[in-house]
Amino acid sequence: MVKEGFRTGIFGLVFSRNSVYYDKINGNKRIRTMDILYTKKDFLDIFSTMGIDEGMVVLVQADLTGFNEILSGSQAIIEALQELVKEDGCIICPTFSLSCLDPACYEQNDYTYESWNMIRDNMLGYDPKLTSCDVYADFADQFLKNENVRRTNHSVYSFAFWGTYDEKCLEQPLNFPISFSRVFREFVDRRACNILIGEKIENSLLWPAMAKTMNQGILTIKRAIINQGRGKQLKNFLNLEVDQERMEEYKKMCYIQSSEYSRKAIHFLSLDTSEESI
């Protein structure tokens, strides 16, 4: 039963009136307005409607900054996915650490050239247990806290895995780190999808993997701090980026469905091209 002061919405509780709270500093009464409250059950309904079920492989990219209140935060989404795919399924989450890139590779560089050597000397380098994530940071860092999650060793473009998967997925090469031959190899023989929560379809990580398979894309050279033994060193590695024209071609090879919740989109992408195959 919903308590007085609330009304039910399609995907959660909607405050029918403002909630009142007191400022801890000066005791002033303030008014806080809330829109939709999302619960784990809401995400269970959303994901199951999209076709996610037991045994599936799910690559999840979640930028939750634009969503309204989610009760229990990122963990609600993680547990919803775990309950749906179960242990014989697999959840893959990007745990990128762009902070391990050499300063010469920063897309937006606020540091002077003269400071680069100082930055290199003081960077700690990548550690799968200790290095925090700086892309989808809130969701990715929470995912890493879950039991039986394992993270690959790539210093910049690492991924974390939960569930059942081929151990070779964890053997991520330094060059071309996003591909169907290693980190996404579970997409080849199993039912799999990419869920984008609050993220644009154009930023799907399937596109660079498809570019690698088709020997397409824009070749780029990156440099990162690599930990080796007790020391660290700078190493170059190759990566692929995808231009808009290629991306449009790749979209036509996928089954895509999109829904909007709280003015933010959730996209479902599958390499299968029909809804019946999901």
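Let me begin by describing the structure that accompanies this report. All of these numbers come straight from a predicted model, not from anything done at the bench.

**Notes on the layout of surface pockets**
Vacant regions in the atomic arrangement are exposed by a probe of water-molecule size rolled over the atoms.
Right, so step 1: Its boundaries defined by the atoms lining it, the largest pocket holds a volume of some 690 Å³.
Right, so step 2: Together, 25 residues line the largest pocket, and Phe96, Glu107, Tyr157, Asn203 and Leu205 are the ones closest to its centre.
Right, so step 3: Elements supplying a minimum of two residues to the lining of the largest pocket: α6 (206-213) and β12 (231-241).
Right, so step 4: Here the lining of the largest pocket is built from residues that sort into 15 nonpolar, 4 polar and 6 charged.
Right, so step 5: Space inside the second largest pocket adds up to approximately 230 Å³.
Right, so step 6: Lining the second largest pocket are 14 residues; nearest its centre among them are Pro128, Lys129, Leu144, Arg150 and Arg151.
Right, so step 7: Listing elements by their share of the lining of the second largest pocket, those giving two or more residues are α4 (137-144) and β8 (150-151).

**Observations regarding the pattern of salt bridges**
Right, so step 1: Scanning the model with the defined rule gives 13 salt bridges in all.
Right, so step 2: Taking the shortest distance from any N to any O, the salt bridge between Glu186 and Arg190 comes out at 2.9 Å.
Right, so step 3: Taking relative accessible area as the criterion, Arg190 reaches 23% and is therefore assigned partly exposed.
Right, so step 4: In this structure, the salt-bridge partner of Lys251 is Glu248, at a minimum N-O distance of 3.3 Å. Of this pair, Lys251 and Glu248 both sit in helix α7 (residues 244-251), separated by 3 residues, roughly a single helical turn.
Right, so step 5: Among the charged side chains, a network of salt bridges with common partners joins Lys40, Glu79 and Glu83.

What counts, and where the lines are drawn
Residues numbered from 1 in each chain as written. Predicted model: local features only at pLDDT ≥ 70, side-chain atom pairs only at ≥ 80, totals over all residues. Heavy atoms only, no water. 1 Å grid on protein atoms, 1.4 Å probe; cavity = no way out; pocket = protein on both sides within 12 Å on 5 of 7 lines; lining within 4 Å. Points joined across faces, edges and corners; volume = space filled by probe spheres on them. Helix = DSSP H or I, 4+ residues; strand = E, 2+ residues; numbered from the N terminus. Nonpolar A, V, L, I, M, F, W, Y, C, P; charged D, E, K, R; others polar. Salt bridge = Lys/Arg side-chain N within 4 Å of Asp/Glu carboxyl O. Buried < 20%, exposed > 50% of the residue type's maximum accessible area, 1.4 Å probe, protein only.

By themselves, these figures tell us nothing about what the structure is for.
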